[in-house]
Amino acid sequence: MASELDVRARLQRAGQEHLLRFCAELAPGPRAALLAQLEPLEPEALREHCRRAAAACARPPAPAPDLAARLRPLPPERVGSASGVAPQTRRLWEEEGFHQIALNKVAVLLLAGGQGTRLGVTYPKGMYQVGLPSQKTLYQLQAERIRRVEQLAGERYGTRCTVPWYIMTSEFTLGPTAKFFKEHDFFHLDPNNVVMFEQRMLPAVTFDGRAILERKDKVAMAPDGNGGLYCALADHQVLEDMERRGVEFVHVYCVDNILVRLADPVFIGFCVLRGADCGAKVVEKASPEEPVGVVCQVDGVPQVVEYSEISPQTARLRAPGGGLLYNAGNICNHFFTRDFLQMVTREFEPLLKPHVAVKKVPYVDEEGNPVKPLEPNGIKMEKFVFDVLPFAKNFVAFQVLRGEEFSPLKNADSAERDNPSTARRALLAQHHQWALQAGAHFLDAHGARLPEQPSPPGSGEPPAICEISPLVSYSGEADLASHPEPRDWIPGHHDLLVSRDWRCTCKAGSSSPRSSWTWTWPGHCRPDSLLDLPAPGSPRLRTQPRPGLQGGKQAALSFWLQNMDHRSKHAGSLHEGGNCPATRSPGPK
């Protein structure tokens with residue numbers, strides 16, 4: 001480790017010697033920790049980072065005066081659609097995607113370096129549970145979707161395949177995430193196929209260009225944005241690992257979208273058949289004012305233009321059909337070839353321009369007292385994953401329906417949108433619709449059918465609570481309608497029809513807290529089980545199937561009960577596997 005004199009000399013060259021102003025007061029341990037944190041910072045890079053941060057922050061955020069003239073929507077030949085296409089074309093894309101997955105050529109890469117600060121929690125967003133009946137976290141939902149898409153591809157091609165899961169974390173999220181996965185047995189994925197790596201950290205900077213000291217012995221650092229992916233890939237030889245595994249195509253996504261379809265075969269197949277090296281899923285903007293970036297062209301080159309960079313007049317422009325001219329909302333959901341990522345890390349990463357984020361950064365004052373600012377006081381410089389779009393030789397966009405694939409979790413429930421309630425409703429509404437499409441009917445307590453149309457967005461919970469495990473259905477594909485039995489689901493006293501091979505009916509035996517619930521299966525796999533409910537809300541119930549259960553499968557059941565107006569509202573979820581993660585405690589205490 002470098003000496004204090006060496007570190008001080010380097011900081012002097014960077015113009016940041018103030019970071020050592022409390023060094024003489026520190027005990028040996030904290031002093032060594034501070035020096036170790038400062039040693040890797042190259043003087044010239046640190047000086048330039050602080051200068052650029054202050055200069056960028058000083059420029060008022062406003063659209064470039066000539067941007068409107070340079071802006072164009074993506075040409076139609078660069079855009080595909082998941083819904084506005086002939087069924088046979090969609091099946092062709094899906095089949096190609098499954099084929100690539102079956103060949104072990106597809107990996108998924110999760111961007112999970114950010115903290116859940118806006119959610120009001122101190123742990124990574126992926127560990128958050130939005131209040132589903134199963135109490136599953138975002139991490140568990142995503143892990144189970146990987147397992148399901150592997151299963152679907154393997155069944156189609158008669159092979160066993162793997163979709164490796166790469167997870168980019170940060171200094172803040174690596175430890176908790178790794179611990180969480182270990183505690184949950186990696187959600188029954190092979191740990192060798194879950195690869196975690198850490199992105200770089202950059203010092204936070206004051207408005208006058210001075211790196212911020214968070215404590216006497218610690219510089220305030222922040223992840224370098226999700227565009228820090230490209231440096232992190234090189235730092236940790238991730239692309240070399242992909243090459244050893246034979247991975248050629250990478251699906252990159254953000255952690256906070258509860259509806260994300262990992263390794264989506266339709267998206268993968270569309271991009272592969274188009275010969276794309278870079279692709280982006282998009283949704284139609286809800287309104288001109290919606291604060292999402294727009295995937296478009298600037299000077300004929302594809303890129304994402306942030307909503308703050310587009311004038312209100314341009315945002316309100318209409319296409320001939322009546323929709324917004326610039327309607328392709330970016331959802332941080334990308335396809336890359338491994339070759340393209342290698343080209344970016346080797347040639348183009350230094351050309352990426354950082355973006356300014358003004359934040360409230362805790363610091364120590366001149367007397368060494370800790371301060372938690374009430375107003376933004378610092379600058380964090382970030383790069384974005386979409387900054388590489390202009391370098392693509394063949395970029396394509398793929399439009400998907402918002403209600404099917406995009407519901408981000410960004411804010412606490414006190415916010416109006418993108419909060420745990422909106423995310424939970426989006427998933428449950430999707431599952432309710434899947435059940436309707438499969439021919440299920442939902443009945444009220446008097447046996448009358450409930451409305452079979454999905455609830456309008458933002459109208460509250462769907463008419464009936466229905467959660468379908470990702471292990472049963474990836475995108476509504478399970479053949480639920482193949483059951484010969486009646487398919488009526490009654491909220492509070494209803495069937496859970498969850499797959500071709502699993503069907504169960506729950507019946508409240510009495511109104512006491514120890515109600516008995518009986519779950520039955522169809523005749524071809526009928527291990528009747530009697531469950532004794534210890535207390536309302538218990539998440540740790542399991543069936544003990546009789547010998548002879550078809551295929552040797554076992555079931556794990558998780559329950560959710562809530563007393564509402566003296567009526568019990570019941571929901572449950574059924575999962576394959578005798579030790580289902582859903583029966584575990586799903587989130588931090």
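Reading the values: the criteria
- Residues numbered from 1 in each chain as written.
- Predicted model: local features only at pLDDT ≥ 70, side-chain atom pairs only at ≥ 80, totals over all residues.
- Heavy atoms only, no water.
- Helix = DSSP H or I, 4+ residues; strand = E, 2+ residues; numbered from the N terminus.
- Buried < 20%, exposed > 50% of the residue type's maximum accessible area, 1.4 Å probe, protein only.
- Areas by Shrake-Rupley, 256 points an atom, 1.4 Å probe, with all protein chains shown as cover.
- Arc of directions from axis to C-beta.
- Salt bridge = Lys/Arg side-chain N within 4 Å of Asp/Glu carboxyl O.
- Contact = heavy atoms within 4.5 Å.
- Phe/Tyr/Trp six-rings, centres within 6.5 Å; stacked < 30°, edge-to-face > 60°.
- Pairing = 2+ DSSP bridges.
- Polar contact = N/O pair within 3.5 Å; in protein donor to acceptor, adjacent residues only side chain to side chain.
- Core = buried A, V, L, I, M, F, W, Y, C linked by side-chain atoms within 4.5 Å.
- Expected span 1.5 Å × (residues − 1).
- Axes fitted to C-alpha atoms, helices over the stretch in contact; angles between N-to-C directions.
- Parallel < 35°, antiparallel > 145°, perpendicular 65-115°, else oblique.
- Left-handed = near helix turned anticlockwise from the far one by under 90°.
- Patch = residues over 30% accessible without salt bridge, like charges linked within 9 Å, V, L, I, M, F, W, Y side chains within 5 Å.
- pLDDT = per-residue confidence, 0-100.

**Considerations on the overall build of the protein chain**
In step 1: Along its length, the protein chain carries 14 helices and 28 strands.
In step 2: The buried share of the protein chain, reckoned over its 589 residues, is 52%.
In step 3: Here the protein chain has roughly 26100 Å² of accessible surface; of this, 51% comes from carbon and sulfur atoms.

**A few points about helix α2 (residues 28–38)**
In step 1: L34, L35, Q37 and L38 are the residues of α2 that are buried. The arc that holds the buried residues of α2, viewed along the axis, is 160 degrees, so those residues lie on one side.

**Observations regarding the pattern of salt bridges**
In step 1: According to the stated counting rule, one finds 29 salt bridges in the structure shown.
In step 2: Between E248 and K105 there is a salt bridge, with its nearest N and O atoms 3.8 Å apart. One end of the pair, E248, is in the loop between α9 (238–245) and β10 (249–254); the other, K105, is in the loop between α5 (87–102) and β3 (106–111), with 143 residues separating them in the sequence.
In step 3: Using a relative accessible area of 23% as the deciding quantity, one classes K105 as partly exposed.
In step 4: A salt bridge links D241 to R244; the shortest N-O distance between them is 3.5 Å. Separated by 3 residues within a single helix, D241 and R244 lie in helix α9, roughly one turn from each other.

**What to know about the environment of F181**
In step 1: Mapped onto the elements, F181 comes out in helix α7 (residues 174–183).
In step 2: A relative accessible area of 0% means that F181 is categorised as buried.
In step 3: Ignoring any residue separated from it by four or fewer positions in sequence, one finds F181 in contact with Y139, W165, I167, F186, F187, V194 and M196.

**Some remarks on the packing of aromatic side chains**
In step 1: One pass over the structure, following the stated rule, counts 15 aromatic pairs.
In step 2: Taken together, the ring pairs in this structure connect W93, F249, F267, F270, F335 and F398 into an aromatic cluster.

**Some remarks on the pairing of strand β12 (residues 294–298)**
In step 1: Within β12, 5 of the 5 residues are buried, leaving the element largely enclosed by the surrounding structure.
In step 2: The alternating pattern of β12 places V294, C296 and V298 on one face and V295 and Q297 on the opposite face, and all of these are buried.
In step 3: The pairing of strand β1 (residues 71–72) with β12 spans 2 bridges and is classified as antiparallel. Looking across to β12, one finds that R72 is bridged to Q297.
In step 4: Relative to strand β13 (residues 301–305), β12 runs antiparallel, the two sharing 5 bridges. Paired with C296 across the strands is Q303, a residue of β13.
In step 5: The turn joining β12 and β13, which pair antiparallel and follow one another in sequence, is formed by 2 residues; a positive phi near 55 degrees is taken by D299.

**Some details on the side chain of T173**
In step 1: Mapped onto the elements, T173 comes out in the loop between β4 (165–169) and α7.
In step 2: A distance of 3.0 Å separates a polar atom in the side chain of T173 from the backbone oxygen of A112.
In step 3: Residues within four places of T173 in sequence aside, it is in contact with A112, G113, G114 and P124.

**Some words on the nonpolar core**
Generally speaking, a soluble globular protein has its nonpolar side chains buried in company with each other.
In step 1: Y139 and W165 are the most contacted members of the largest nonpolar core, which totals 63 residues.
In step 2: Sorting elements by how many residues they give to this core places helix α6 (residues 138–157) first, with 8 residues.
In step 3: Ignoring anything within four residues of it in the chain, the contact list for Y139 reads L110, A112, P124, G126, M127, W165, T177, F180, F181, F187 and V255.
In step 4: Ranked by size, the runner-up nonpolar core spans 40 residues in total, among them M242, V252, F384 and V388.

**What about helix α3 (residues 43–58)?**
One full turn of an α-helix is made of 3.6 residues, so residues set three or four places apart face in the same direction.
In step 1: Here α3 spans 23 Å end to end across 16 residues, near enough to the 22 Å set by a 1.5 Å rise per residue.
In step 2: Considered for burial, the residues of α3 that qualify are P43, L46, H49, C50, A53, A54 and A56.
In step 3: Lining the buried residues of α3 we find α1 (4–14), β6 (201–203), β15 (355–359) and β18 (378–382).

**Thoughts on the pairing of β10**
In step 1: The buried fraction of β10 is high, at 6 of 6 residues.
In step 2: The side-chain alternation of β10 yields two buried faces, one formed by F249, H251 and Y253 and the other by V250, V252 and C254.
In step 3: Examined bridge by bridge, β3 and β10 share 6 bridges and lie parallel to one another. Residue pairing for β10: A107 is matched across the bridge by V250.
In step 4: Inspection of the sheet shows β10 paired to strand β14 (residues 328–337) by 5 bridges, in the antiparallel sense. Considered in β14, the bridge of H251 is made with F335.

**Quick look at the packing of α9 against helix α12 (residues 338–348)**
In step 1: Two elements in contact, α9 and α12, have axes separated by 11 Å at closest approach and are oriented at 155 degrees. With respect to α12, the axis of α9 lies roughly antiparallel. Two packed elements cross with a definite hand, and for α9 against α12 that hand is left-handed. Where α9 abuts α12, its residues L239, M242 and E243 lie against R338, L341, Q342 and T345.

**Regarding a nonpolar patch on the surface**
In step 1: Residues F207, V356 and V358 make up a contiguous nonpolar surface patch of about 230 Å² in total accessible area.
In step 2: As for its placement among the helices and strands, F207 is situated in the loop between β6 and β7 (213–215).
In step 3: Assessed through its relative accessible area of 41%, F207 is described here as partly exposed.

**Quick look at the confidence of the model for the protein chain**
In step 1: Of all residues in the protein chain, 79% attain a pLDDT of 70 or more, and the chain-wide mean is 82.
In step 2: Per-residue pLDDT stays below 50 along residues 480–589; that stretch engages in 250 contacts with residues further than four places along the chain or on separate chains.

**Focus: the packing of α1 against α3**
In step 1: Two elements in contact, α1 and α3, have axes separated by 8 Å at closest approach and are oriented at 40 degrees. If you check the angle between α1 and α3, you find them oblique. In terms of crossing hand, the pair formed by α1 and α3 is right-handed. Across from R10, L11, R13 and A14 in α1, the residues of α3 making contact are P43, E44, L46 and R47.

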